[in-house]
Amino acid sequence: MKKISKTKPILSAEAIARLADKGQDVSVYFTNKGKMMPPLENLGIELNEEMIEELNDAAKRLSVSKQTLIKRFIRRGLDQHYLEQKTRRAG
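Keep in mind it's a predicted model, so treat the numbers as computed, not measured.

Thoughts on the overall build of the protein
For step 1, the next point in the chain: Of regular secondary structure, the protein possesses three helices and zero strands.
For step 2, the next point in the chain: In sequence order, the protein lays out its α and β elements as α-α-α.
For step 3, the next point in the chain: For the protein, whose C-alpha radius of gyration is 23 Å, the value lies well above the compact-globule estimate of 12 Å for 91 residues.
For step 4, the next point in the chain: When the backbone C-alpha atoms are referred to their principal axes, the protein occupies close to 70 × 40 × 30 Å.
For step 5, the next point in the chain: The buried share of the protein, reckoned over its 91 residues, is 10%.
For step 6, the next point in the chain: As displayed, the protein has an accessible area near 9,200 Å², and 56% of this comes from carbon and sulfur atoms.
For step 7, the next point in the chain: Measuring between centres, the 18 positive side-chain charges of the protein sit 16 Å from its 12 negative side-chain charges.

Quick word on the pattern of salt bridges
For step 1, the next point in the chain: All told, the structure shown has two salt bridges when counted by the stated rule.
For step 2, the next point in the chain: The closest approach of N and O atoms between Arg75 and Asp79, which form a salt bridge, is 3.0 Å. One end of the pair, Arg75, and the other, Asp79, are both in helix 3 (residues 66-90), four residues apart, so they sit about a helical turn from each other.
For step 3, the next point in the chain: Accessibility expressed as a relative area gives 42% for Arg75, which makes it partly exposed.
For step 4, the next point in the chain: Accessibility expressed as a relative area gives 41% for Asp79, which makes it partly exposed.
For step 5, the next point in the chain: Glu84 serves as the salt-bridge partner of Arg88, at 3.9 Å between the closest nitrogen and oxygen.

Notes on helix 1 (residues 13-21)
For step 1, the next point in the chain: Burial in helix 1 covers these residues: Ala15, Ile16 and Leu19. Around the axis of helix 1, the buried residues are gathered within 100 degrees of arc, so they sit on the same side. Looking at helix 1, the residues exposed on the side facing more than 90 degrees away from the buried face are Ala13, Glu14 and Asp21.
For step 2, the next point in the chain: Downstream of helix 1 by one or two residues, Gly23 has phi in the positive range, about 90 degrees.

Basis of the calculations
Residues numbered from 1 in each chain as written. Predicted model: local features only at pLDDT ≥ 70, side-chain atom pairs only at ≥ 80, totals over all residues. Heavy atoms only, no water. Helix = DSSP H or I, 4+ residues; strand = E, 2+ residues; numbered from the N terminus. Rg over C-alpha atoms; globule rule 2.2 N^0.38 Å. Buried < 20%, exposed > 50% of the residue type's maximum accessible area, 1.4 Å probe, protein only. Areas by Shrake-Rupley, 256 points an atom, 1.4 Å probe, with all protein chains shown as cover. Lys, Arg positive; Asp, Glu negative; His and termini not counted. Charge placed at Lys NZ, Arg CZ, Asp CG, Glu CD. Salt bridge = Lys/Arg side-chain N within 4 Å of Asp/Glu carboxyl O. Arc of directions from axis to C-beta.

It is worth stressing that arrangement in space is one thing and function is another; only the former is reported here.
As structure tokens, then:
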């Protein structure tokens, strides 16, 4: 007797969305084990050539992309800003 597999077929996100648009139950495709990520917003910035070269060099030295490096710098700057605000309020 042939064993019947009850595993769900692998579908692309677009295919699952189409099924949902048709009103079909797509809950079988979700495990509730993932982490919901907030939507990303694309931010265009203009940098002079010297800054781009510095970013390229730093990203290469750290083996990360320019985007990752920029995100780290922004995070560090925001953390420092919040820390300074907290210190001012406490003092």
